[in-house]
Amino acid sequence: MKIVACGLKVLGKPHIQSQIDACFEAPKYAADMVVGFDMVNEEDFTPSLDEFMPQIVDAIYKAKDMGKEFPLYLHCGETNDKSHTQLHDAILLGTKRIGHGFHLAFHPELMKLVKEKDICIECCPVSNFVLGYTLDLRCHPTRSFLHQGLPVTISPDDPGFMGYEGVALDYLYVFLAWDLDIADLKQLVINSIKYASVT
């Protein structure tokens, strides 16, 4: 089993630091179980990524001094607010994946960077619909990300909160709404394996 450790931005810097510290402590108890670090919470109502930037950068350099990496899998771009810059920050920090990335559609140059740096977009269609980021999944921006060759996976986000299990419902909705074929579905599944941080 592999885990991406998650800090809750809403709980502030002390909590985030405790989660970062736990990532460094984890190998003593479960070698190679923690494969990366993320920070979550609704983007429009919680502190932005840049408020935690010094802590993240310190962790990156601490890992580097130990001859290791501090992989980031950052949750960002879950907004319709054009003024948000968290996608920029995540890409600059070297995130390997972007949780949601919905807002990426507003930034064509960032889309090019995401493709160039091979950063995976974890699309959460049912969540985006339930939370009102899109009112029609046929208009979901990830459909265009696929056509432009960006690496995309389909993810369930928080199915426990939304009353379903697994990722099958998300696949069903995108299959129908985006008019996907078997080749598209196969590529989405291959991406899920390729970017899963497991051997």
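Below is a short write-up of the structure. The model shown is predicted, which means the values in this text are computed figures rather than measured ones.

### Here we look at the overall build of the protein chain
A count of helices and strands for the protein chain gives nine helices and six strands. Over its C-alpha atoms the protein chain spans a radius of gyration of 17 Å, differing by no more than 12% from the 16 Å that the globule rule assigns to 199 residues. Projected onto its principal axes, the C-alpha positions of the protein chain cover 45 × 35 × 35 Å. Looking at the protein chain as a whole, 45% of its 199 residues are labelled buried.

### Quick notes on the environment of I190
Here I190 shows up in helix 9 (residues 182-194). Residues I190 and G166, 24 residues apart in the sequence, show an inter-C-alpha distance of 17 Å.

### Digging into the sheet that holds strand 3 (residues 73-76)
Across the sheet, four strands lie side by side as 3-4-5-6; this open sheet has parallel pairing. The open sheet has two edge strands, strand 3 and strand 6 (152-154), and neither has a second partner. Each strand of the sheet is rotated relative to its neighbour by a mean of 25 degrees, with strand direction disregarded. Here three bridges tie strand 5 (residues 120-123) to strand 6, and the two strands are oriented parallel to one another. Opposite C123, over in strand 6, you have I154 as the bridge partner. Contacts from helix 3 (residues 86-93) reach strand 3 and strand 4 (97-100) within the one sheet, and its direction differs from that of strand 3 by about 170 degrees.

### Focus: the packing of aromatic side chains
A full pass over the atoms with the stated rule returns three aromatic pairs. Between F37 and F70, the aromatic rings sit 5.7 Å apart at their centres with planes inclined by 35 degrees, giving tilted as the arrangement. One end of the pair, F37, is in strand 2 (residues 34-40); the other, F70, is in the loop between helix 2 (53-65) and strand 3, with 33 residues separating them in the sequence. On the basis of relative accessible area, F70 is assigned to the buried category, the value being 10%. Both rings, one in F102 and one in Y133, keep their centres 6.1 Å apart while their planes meet at 50 degrees; by these two values the pair is tilted. Of this pair, F102 sits in the loop between strand 4 and helix 4 (108-116) while Y133 sits in the loop between helix 5 (125-130) and helix 6 (142-147), and the two are 31 residues apart along the sequence. The pair F102 / Y133 is uniform in exposure class, with both members buried. Among the aromatic residues, those joined into a cluster by ring pairs are F24, F37 and F70. In this structure, K62 is placed above the aromatic ring of F24, and the distance from its NZ or CZ to the ring centre is 4.4 Å.

Rules used in this analysis
- Per-chain numbering applies: the sequence of each chain, read as written, is numbered from 1 onward.
- Whole-chain, interface and lining totals are the exception, using all residues; otherwise, since this is a predicted model, local features are given only for residues with pLDDT of at least 70 and side-chain atom pairs are given and counted only at 80 or more.
- Excluding hydrogens and water, the side-chain figures rest on all heavy atoms present in the structure.
- Elements are defined by DSSP. Helices are runs of H or I of four residues or more, strands are runs of E of two residues or more, and each kind is numbered from the N terminus.
- C-alpha atoms define the radius of gyration, and 2.2 Å times the number of residues to the power 0.38 defines the globule rule.
- Buried residues are those whose accessible area, probed at 1.4 Å on protein chains only, stays under 20% of the maximum for their type, while exposed residues exceed 50% and partly exposed ones sit between those limits.
- Two strands make a pair as long as DSSP finds a minimum of two bridges between them.
- Axes here refer to lines fitted to C-alpha atoms; in helices the fit is confined to the stretch in contact. Angles between the N-to-C directions go from 0 to 180 degrees.
- Residue contacts are counted whenever heavy atoms from the two residues lie within 4.5 Å of one another.
- Aromatic pairing here means that ring centres of Phe, Tyr or Trp (its six-membered ring) are within 6.5 Å. Orientation follows from the plane angle: under 30 degrees is stacked, over 60 is edge-to-face, and everything else is tilted.
- Cation placement over rings: the criterion is NZ of Lys or CZ of Arg within 6 Å of the ring centroid and within 35° of the ring normal.

Worth remembering: the numbers are spatial, not functional.
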